[in-house]
Amino acid sequence: MHWRVRAIRGATTASENTVAAIREAVMELLDQLEAHNEIDHQEIISAIFTTTRDLDAKFPAAIARERPNWDHVPLLDLQQMHVEGSLERCIRCLIHINTPVSQLEIYHPYLRQAKNLRPDWTLAQVSR
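Residues numbered from 1 in each chain as written. Predicted model: local features only at pLDDT ≥ 70, side-chain atom pairs only at ≥ 80, totals over all residues. Heavy atoms only, no water.

**Q** Tell me what's going on with the nonpolar core, and back it up with residues and numbers.
**A** If you look at soluble globular proteins, the nonpolar side chains tend to sit buried side by side. Counting residues in each nonpolar core, the largest one holds 27 residues, and the members touching the most others are Leu30, Phe49, Trp70, Leu75 and Ile95. Of all the secondary-structure elements, those providing two or more residues to this core are helix H1 (19-36), strand S2 (44-51), helix H2 (60-65) and strand S4 (90-99). Examining the composition of this core, we find that seven residues originate from one element, H1, more than from any other. In this structure leucine 75 touches Ala47, Phe49, Ala61, Ala64, Arg65 and Trp70, once residues within four positions along its chain are discounted. (Core = buried A, V, L, I, M, F, W, Y, C linked by side-chain atoms within 4.5 Å. Buried < 20%, exposed > 50% of the residue type's maximum accessible area, 1.4 Å probe, protein only. Helix = DSSP H or I, 4+ residues; strand = E, 2+ residues; numbered from the N terminus. Contact = heavy atoms within 4.5 Å.)

**Q** I'd like a description of the UniProt feature "binding site: prephenate" (unreviewed entry) in the protein chain, backed by residues and values.
**A** When the UniProt feature table is mapped onto this chain numbering, "binding site: prephenate" (unreviewed entry) sits at Arg9, Arg92 and Tyr110. In summary, the annotated positions, though distributed over 102 residues, converge in three dimensions, the widest C-alpha pair being only 8.9 Å. Residue arginine 92 is classed as buried on the basis of its relative accessible area, which comes to 18%. Once residues within four sequence positions are removed from consideration, arginine 92 is found in contact with Arg9, Gly10, Ala11, Ile48, Phe49, Thr50, Thr52, Gln80 and Leu117. (UniProt positions renumbered as here; feature names shortened; annotations may be inferred.)

**Q** So what's going on with the sheet that holds S4? Residues and values would help.
**A** In spatial order, the strands read S1-S4-S2-S3; together these four strands make up an open sheet with mixed pairing. Every other strand in the sheet has two partners, leaving strand S1 (4-13) and strand S3 (75-79) as the edge strands with one partner each. The sheet shows a mean angle of 15° between the axes of neighbouring strands, taken without regard to direction. Running at roughly 30° to S4, H1 makes contact with S1, S2 and S4 of the sheet. (Pairing = 2+ DSSP bridges. Axes fitted to C-alpha atoms, helices over the stretch in contact; angles between N-to-C directions.)

**Q** Talk me through unusual backbone geometry; I want residue IDs and the actual numbers.
**A** Residues other than glycine seldom take positive phi values, yet asparagine 69 does so here, at roughly 70°. Structurally, the position occupied by asparagine 69 is in the loop between H2 and S3. With relative accessibility at 51%, the residue asparagine 69 sits in the exposed group. The residue arginine 89 is not glycine, and still its phi comes out positive at about 50°. Residue placement: arginine 89 occurs in the loop between S3 and S4. The class of arginine 89 is partly exposed, set by a relative accessible area of 30%.

**Q** Go over the environment of tyrosine 107, please, and point to the residues and values.
**A** Secondary-structure assignment places tyrosine 107 in the loop between S4 and helix H3 (119-126). Owing to a relative accessible area of 13%, tyrosine 107 belongs among the buried residues under this scheme. Here the alpha-carbon distance between tyrosine 107 and isoleucine 8, two residues 99 residues apart in the chain, equals 7.3 Å.

Structure, rendered in structure tokens:
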């Protein structure tokens, strides 16, 4: 068993630009990410959150920091590049982690309207 640095991707959408809606979306995304991946929080290297420019009511990293075991994880928020016609109110997450799990075993949750961003991953993960 070889430990490697792996990346876990995920995305979701908030129903509106409010603290409550962003919190609900981020918590749901991280709940799914943690439920389907073998995560030891001591092995998380860092996590990056991006939001589209229409979400500015709350930093997703601040919400993640409220979760148990996330208070010492290095977190960063960024604004996603705007592309005309792209998915609105989208929150993306990229977590770097040390793990013995293979890349093919990692679950990358794409929730709500974000399912359309990576339909190949969404379909592959439903079949598990």
